[in-house]
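Chain by chain, the residues run as shown.
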Amino acid sequence: DGGITQSPKYLFRKEGQNVTLSCEQNLNHDAMYWYRQDPGQGLRLIYYSQIVNDFQKGDIAEGYSVSREKKESFPLTVTSAQKNPTAFYLCASSISRGATEAFFGQGTRLTVV
Amino acid sequence: GESVGLHLPTLSVQEGDNSIINCAYSNSASDYFIWYKQESGKGPQFIIDIRSNMDKRQGQRVTVLLNKTVKHLSLQIAATQPGDSAVYFCAENEGFQKLVFGTGTRLLVSP
């Protein structure tokens, strides 16, 4: 089945630790995105990548890092510099040019303990 | 700055009623507008989209209307069902680079 997969579904992190969230897609999409969602709020863009080995900061990139070494993978690292990391993280992908639709993963809920 | 927003945070309807969810946008250069449905604890699911050169588009039980004069977008759901209860987001596609999402409207459907 084609789709976009995020793992793990739930993640707990101690304060001061870095943690990496996985996002894999087999849709052959060029563009991938990371969003953060806080309770009762909309999606805010963290980073996006239009092509392999290239990525751009979104609206709330501070405290996060990404890599795009492979077309199908776009991992997000939440660093210790992110002051309020507890949130629901969503990864999405879309065809590059002329894209109208983004496909979302099921999300990773990160909790700092 | 450019933004996409929603008029109502929560909409409560009775089962069988028609629902209308509204959205305002400010970027007149957007090419596409998209509605997503998000159920609790899940990722958003695509519902319907509309190009900027269209005024109306219909899907199964859903209709999206675009009024470019007042920069307004709406999602109409016919014969609303309990399974339609979710948060609905409108989003505008600024070319292919990224989607800009509104804050969402929660739809509550009572039996």
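Our structure is the block above this text.
Residues numbered from 1 in each chain as written. Chains lettered and ligands numbered in written order. Predicted model: local features only at pLDDT ≥ 70, side-chain atom pairs only at ≥ 80, totals over all residues. Heavy atoms only, no water.

Things to note about the interface of chain A and chain B
When the parts come together, some accessible area is lost, and that loss is often what is quoted as the size of the interface. Heads up, the condition is: Residues count as neighbours in contact if any of their non-hydrogen atoms are within 4.5 Å of one another. In this description, buried area is defined as the sum, over both parts, of the accessible area (probe of 1.4 Å) that is lost when the two are combined. For this analysis, a polar contact is any N or O atom pair within 3.5 Å, provided that within protein one partner can donate a hydrogen and the other can accept it, and provided that sequence-adjacent residues contribute only side-chain to side-chain pairs. Per the convention used, a helix needs a DSSP run of H or I reaching at least four residues, while a strand needs a run of E reaching at least two, with both numbered from the N terminus. Classification used: nonpolar for Ala, Val, Leu, Ile, Met, Phe, Trp, Tyr, Cys and Pro, charged for Asp, Glu, Lys and Arg, polar for all others including Gly.
If you look at the interface, chain A gives 24 residues, while chain B gives 20 residues. Note on chain A versus chain B: buried area summed over both sides is about 1800 Å², and carbon and sulfur give 57% of it. Where chain A touches chain B, the interface holds 2 residue pairs in polar contact (both at pLDDT 80 or more). At the level of secondary structure, the elements contributing two or more residues to the side of chain A that touches chain B comprise strand E4 (31-37), strand E5 (43-51) and strand E9 (87-94) of chain A. The greatest single-element share of the side of chain A that touches chain B, amounting to 4 residues, is contributed by E5(A). Its residues assigned to classes, the side of chain A that touches chain B shows 10 nonpolar, 9 polar and 5 charged.

Examining the pattern of salt bridges
All names here are of chain B. Which entries qualify depends on this criterion: By definition here, a salt bridge exists when the distance from a side-chain nitrogen of Lys or Arg to a carboxyl oxygen of Asp or Glu is within 4 Å. Three exposure classes are used, based on accessible area relative to the maximum for each residue type with a 1.4 Å probe and protein chains only: buried under 20%, partly exposed in between, and exposed over 50%.
Summed over the entire model, instances satisfying the criterion amount to 8 salt bridges over all chains. Among the salt bridges present, the one from aspartate 49 reaches arginine 57, with a minimum N-O distance of 2.3 Å. With a shortest N-O distance of 3.2 Å, aspartate 55 and lysine 68 are connected by a salt bridge. Linking aspartate 55 in the loop between strand E5 (45-51) and strand E6 (56-58) with lysine 68 in the loop between strand E7 (62-67) and strand E8 (72-77), this pair joins segments that are 13 residues apart in sequence. The exposure class assigned to aspartate 55 is exposed, which follows from its relative accessible area of 52%.

Comments concerning the environment of Asn22(B)
Residues and elements named next belong to chain B. By the secondary structure assignment, asparagine 22 is in strand E3 (residues 19-25). What makes asparagine 22 partly exposed here is its relative accessible area of 23%. Here the alpha-carbon distance between asparagine 22 and glycine 83, two residues 61 residues apart in the chain, equals 20 Å.

Examining the pairing of strand E3 (residues 19-25) of chain A
All names here are of chain A. Counted only if it meets this: Only when DSSP finds a minimum of two bridges between them are two strands counted as paired.
Only one face of E3 is buried: it carries Val19, Leu21, Cys23 and Gln25, and the other face, with Thr20, Ser22 and Glu24, is open. As paired elements, strand E1 (residues 4-7) and E3 share 4 bridges and run antiparallel to each other. Within the sheet, the bridge partner assigned to isoleucine 4 lies in E3 and is glutamine 25. In this sheet, strand E8 (residues 76-78) lies alongside E3 in antiparallel orientation, the contact comprising 3 bridges. Within the sheet, the bridge partner assigned to valine 19 lies in E8 and is valine 78.

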